[in-house]
Amino acid sequence: MPKLRGEAFWRETLRGAHYVVAPMVDQSELAWRLLSRRHGAQLCYTPMLHAQVFLRDANYRRENLYGEACPEDRPLIVQFCANDPEVFVQAALLAQDYCDAIDLNLGCPQMIAKRGHYGAFLQEEWDLLQRMILLANEKLSVPITCKIRVFPDIDKTVKYAQMLEKAGCQLLTVHGRTKEQKGPLAGVASWEHIQAVRKAVNIPVFANGNIQCLSDVEECIRKTGVHGVMSAEGNLHNPALFEGRNPLVWEMAEEYLEIVQKYPCPLSYVRAHLFKLWHHTLQVYQQLREELAKVKTLEGIVDVNRELKLRCQEEIANQKEGEKPKEGLPFFHWICQPYIRPGPKERCKENGASGTEKGVRGKRTLEEEEDGNSELLSKNKQKKKLRNPNKSFDPSLKRHGLLFKTKYEKSLSWQHSQRGIPSAEMSRRGEAEVGAALVLMEAGDSAV
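Think of each chain on its own: its residues are numbered from 1, step by step along the sequence as written. Local features are withheld for residues below a pLDDT of 70 in this predicted model, meaning they are given only at 70 or higher, and side-chain atom pairs are given and counted only at 80 or more; totals for whole chains, interfaces and linings count all residues. By convention in this description, side-chain values take in all heavy atoms of the structure and omit both hydrogens and water.

J.: Could you give me a rundown of the overall build of the chain, with the residues and numbers involved?
T.: Counting from the N terminus, the helices are DSSP H or I runs at least four residues long and the strands are E runs at least two residues long. Along its length, the chain carries 21 helices and nine strands. Throughout this description, buried means an accessible area under 20% of the type-specific maximum (1.4 Å probe, protein chains only), exposed means over 50%, and partly exposed covers the range between. Here the chain, with 448 residues, has 54% of them falling under the buried criterion. The protein chains shown are the only cover counted for residues, whose accessible areas, like all others here, come from Shrake-Rupley with a 1.4 Å probe. Roughly 21400 Å² of accessible area belongs to the chain as shown, and the carbon and sulfur atoms make up 50% of that amount.

This is the structure we're talking about:
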């Protein structure tokens, strides 16, 4: 059977999918994909897989794809990150029988992608990308697709998309943010860029960015003319987003936990999903937040989920007539709803930090966002916390957040020494500057 291309591929193989769950590291695993499909999602992507690791490691293949075959989990697109045409294609050949298309990740803006030389950090290397897509298009039995971020300039973004189409890309997902827009600095995605790409290419286009509810999906399709809309963060906080519903959190959590019983996944994935689903409630019940972070079994997570449900039901039973949601939320905290990520200024206000401490705390926040789970300490710190429950990892409690001088601080010290300003006075003058600069410097290197 000949390989379907472009519109025919989207219409027949992908069944004209409009509602799409994004590839999310450690978050779009089989159990979550099945939950999302039950509630309106028409197409799902696997988490991003590393082509080189997938090629050489049989256990990695089994854990991430081979061991998860499920008839309900189609149509499915497997996403890889890669920077070598041969490695990419060899990995894709091992995956093509388990999916409906292979996607090349050209959108990851994280520092790990910069170090590994993949994702959005390949967007200037058009010759390499052409060779990767041409070879994949020639060798694979399934279509090749791409997920990109935009350039600041619309014309360059359009030319970029046209280059990928010409090389053999059969469907393009456009995240309407630049690679610099990430974490607390994400800002608003540009639908104008997406609309320009949609008009300029002859292959199907999916939009990604600014999707928190079904009305956003409908508005995006209307304004940009795209074939479908992809959701990541919105889907994690409300897996019923594509149904246009805002269900009770425990309904979604219980259903997900039941699926996990049938299709197990690492406990860290399950914990991260519950932190997202219960995000607003866990701001109210801090003790249960800590218990969820420490629990070591699926049964333990189920118990914490049950206790959160009981606490919320007690609140509902004691509600006064006419009572409204607190903290400016559109719904009560026990209802699935969007989480609006605060910008850097709001982060600093939330954390109650200032000066150099503000910079250090900003750094930690960005690192947490890079992990895709701002709710948890790192595994090493969790272990230390278990050994010493009184140990605090709050940077604001340290008098000096950094034990070494950054390049910026050294530069500042040198500049003031040239002006003949005493070091003590320089320290007082520079403290606020250092704090602000650290936030900006880390934002340039970390992620959304």
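J.: Tell me about helix α9 (residues 191–200), and name the residues and values.
T.: All of the buried residues in α9 are W191, H193, I194, A196 and V197. Pairs of residues are marked as contacts when any of their non-hydrogen atoms sit within 4.5 Å. Where α9 is buried, its residues contact α8 (154–167), β7 (172–175), β8 (205–208) and α10 (214–224).

J.: Could you give an account of empty space enclosed by the protein, with specific residues and numbers?
T.: The distinction between a cavity and a pocket rests on a 1 Å grid over the protein atoms alone: a 1.4 Å probe fits inside a cavity but cannot get out, while a pocket stays open yet meets protein on both sides within 12 Å along at least five of seven lines, and a residue with an atom within 4 Å of a point counts as lining. Grid points are joined across faces, edges and corners, and a volume is the space filled by probe spheres set on the points. Empty space within the second largest cavity amounts to approximately 40 Å³. Those elements giving two or more residues to the lining of the second largest cavity turn out to be α13 (267–277) and α14 (279–282). Its residues placed into classes, the lining of the second largest cavity shows three nonpolar, five polar and one charged. Asp, Glu, Lys and Arg are counted as charged, while Ala, Val, Leu, Ile, Met, Phe, Trp, Tyr, Cys and Pro are counted as nonpolar; the rest, among them Gly, fall into the polar class.

J.: I'd like a description of the nonpolar core, backed by residues and values.
T.: As used here, the term nonpolar core means buried Ala, Val, Leu, Ile, Met, Phe, Trp, Tyr and Cys residues forming a set that is joined through side-chain atoms within 4.5 Å. Judged by nonpolar contacts, the single largest core of 111 residues is most densely connected at F80, F88, I102, L164, L172 and Y256. The element best represented in this core is helix α12 (residues 249–262), accounting for eight residues. Within the second largest apolar cluster, six residues are counted, among which are C81, A113, Y118 and F121.

J.: For the pattern of salt bridges, give the residues involved together with the corresponding values.
T.: Pairing between side chains of opposite charge can happen when the charged atoms of each approach one another. Salt bridge, as used here, is a side-chain nitrogen of Lys or Arg placed within 4 Å of a carboxyl oxygen of Asp or Glu. Under the counting rule described, the total for this entry stands at 14 salt bridges. A salt bridge links D73 to R37; its shortest N-O distance comes to 3.0 Å. Taken together, the positions of D73 in the loop between α4 (58–64) and β4 (76–81) and R37 in helix α2 (residues 30–38) put the pair 36 residues apart, joining distant regions of the chain. On the accessibility criterion, D73 (3% relative accessible area) is buried.

J.: Lay out the packing of helix α15 (residues 286–294) against helix α16 (residues 298–317) in plain terms, naming residues and giving numbers.
T.: Taken N-terminus to C-terminus, the directions of α15 and α16 make an angle of 165°; their axes are 9 Å apart at the nearest point. It follows that α15 is roughly antiparallel to α16 by the angle criterion. Along this stretch, α15 crosses α16, giving a crossing that reads as left-handed. For the pair α15 and α16, contact is made by L288, E291 and L292 and by I301, V304, E307, L308 and R311, respectively. Orientation is described by lines fitted to C-alpha atoms, with helices fitted over the stretch in contact, and by angles between N-to-C directions that extend from 0 to 180 degrees. Throughout, the term roughly parallel applies to angles under 35 degrees, roughly antiparallel to angles over 145, roughly perpendicular to angles from 65 to 115, and oblique to all others. Crossings are assigned a handedness: left-handed for a near helix turned anticlockwise from the far helix by less than a right angle, right-handed for a clockwise turn.

J.: Can you tell me about the pairing of strand β9 (residues 228–231), naming the residues and giving the values?
T.: The alternating pattern of β9 places G228 and M230 and V229 and S231 on opposite faces, both of which are buried. Whether two strands pair comes down to DSSP finding at least two bridges between them. Note that strand β1 (residues 19–21) and β9 share three bridges and pair parallel. Following the sheet pairing, V21 is matched in β9 by S231. Bridging between β8 and β9 involves three bridges; their strand directions are parallel.

J.: Go over the pairing of β8 with me, naming the residues and quoting the values.
T.: Side chains V205 and A207 project from β8 onto one buried face, and the interleaved F206 and N208 project onto a second face that is buried too. The pairing of β7 with β8 spans four bridges and is classified as parallel. Bridged to T173 within β8 is F206. Note on handedness: a clockwise path from strand one over the helix to strand two, with the strands aimed away from the viewer, defines a right-handed crossover. For the segment spanning β7, α9 and β8, crossover handedness is right-handed. In this region the chain leaves β8, passes through α10 and returns to the parallel neighbour β9; the handedness of that crossover is right-handed.

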